[in-house]
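# Structural overview for review
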Amino acid sequence: YEATRRGLGSALLRKPAKLARLVGGLVEGSPLPVSVKIRLSPAGNKDVNALEHIEALAALDHKPAFVTLHARTATQRYGRAATWEDVEAAARKAGDAFPVLGNGDVLTHFEARRKRAVAPAAAGLMVGRGA
């Protein structure tokens, strides 16, 4: 709550340009590769969505090493299934700018294979809660 109250964390999902500037500054100033993990949107379809963030990040001079997309909104938490079709769309939107990894509902190697089949353009997947 404290992070979102201060405009950080998932609250940054409402401001693609601000998030992109933050990431770009970190990438430019870091001697190490920098990645970022985002969710689909703060709350749902009427909100800013991940594709707007992918577009803003791809336009940076100093791009992240990769982007991980958690395929749920911030308000969904774990109440709904992750939508890997959105991971596929994000990976296609990013093109050659940076790799996109998918995250959400990967608890077994069987699920990993199913998710990869839905999002073949994704560079890989990230296991979170299931690790």
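Moving on, we get to the sheet that holds strand E3 (residues 100–103). Read across the sheet, four strands follow the order E1-E2-E3-E4 without closing on themselves; strand pairing throughout is parallel. Each edge of the sheet is formed by a strand with only one pairing partner; in this case those strands are strand E1 (35–39) and strand E4 (124–126). When the angles between neighbouring strand axes are averaged without regard to direction, this sheet yields 30°. Of the pairings in the sheet, the one linking E1 to strand E2 (residues 66–70) comprises five bridges and is parallel in character. The residue bridging Arg39 from the neighbouring strand is His70, located in E2.

Using the criterion set out here, one finds three salt bridges in the structure. Between Lys93 and Glu55 there is a salt bridge, with the nearest N and O atoms lying 3.2 Å from each other. Placement of Lys93 in helix H4 (residues 84–94) and of Glu55 in helix H3 (residues 50–58) is noted, with a sequence separation of 38 residues between them. In this structure Lys93 comes out as partly exposed when scored by relative accessible area, which is 41%. For Glu88, the salt bridge is made with Arg92, and the minimal N-O distance between the two is 2.7 Å. Of the two residues, Glu88 and Arg92 both sit in helix H4, four residues apart, roughly one turn of that helix. Residue classification places Arg92 among the exposed positions, given a relative accessible area of 59%.

Moving on: the nonpolar core. Residues Ile38, Leu57, Leu69 and Val100 are the most contacted members of the largest nonpolar core, which totals 29 residues. Sorting the residues of this core by element identifies helix H2 (16–29), E1, H3, E2 and H4 as the ones contributing at least two each. Here this core takes five residues from H4, the largest share from any one element. Setting aside its immediate chain neighbours within four residues, Ile38 contacts Leu13, Leu19, Ala50, His53, Val67, Thr68, Leu69 and His70.

Here we take up the environment of Gly95. Tracing the sequence through the fold places Gly95 in the loop between H4 and E3. Gly95 sits in the partly exposed class, given a relative accessible area of 41%. In this structure the C-alpha to C-alpha distance between Gly95 and Ile54, which are 41 residues apart in sequence, comes to 9.8 Å.

The side chains of a regular strand alternate between both faces of the sheet. Burial along E3 is two-sided: the residues Val100 and Gly102 and Leu101 and Asn103 are all buried. Across four bridges, the pairing between E2 and E3 is parallel. Its bridge partner being in E3, Leu69 is matched across the sheet by Gly102. Note that E3 and E4 share three bridges and pair parallel. The residue of E4 that forms the bridge with Gly102 is Leu125. At this point the chain moves from E3, through helix H5 (residues 109–118), to the parallel E4, and the crossover so formed is right-handed.

Conventions we followed
Residues numbered from 1 in each chain as written. Predicted model: local features only at pLDDT ≥ 70, side-chain atom pairs only at ≥ 80, totals over all residues. Heavy atoms only, no water. Pairing = 2+ DSSP bridges. Helix = DSSP H or I, 4+ residues; strand = E, 2+ residues; numbered from the N terminus. Axes fitted to C-alpha atoms, helices over the stretch in contact; angles between N-to-C directions. Salt bridge = Lys/Arg side-chain N within 4 Å of Asp/Glu carboxyl O. Buried < 20%, exposed > 50% of the residue type's maximum accessible area, 1.4 Å probe, protein only. Core = buried A, V, L, I, M, F, W, Y, C linked by side-chain atoms within 4.5 Å. Contact = heavy atoms within 4.5 Å. Right-handed = clockwise from strand over helix to strand, strands pointing away.

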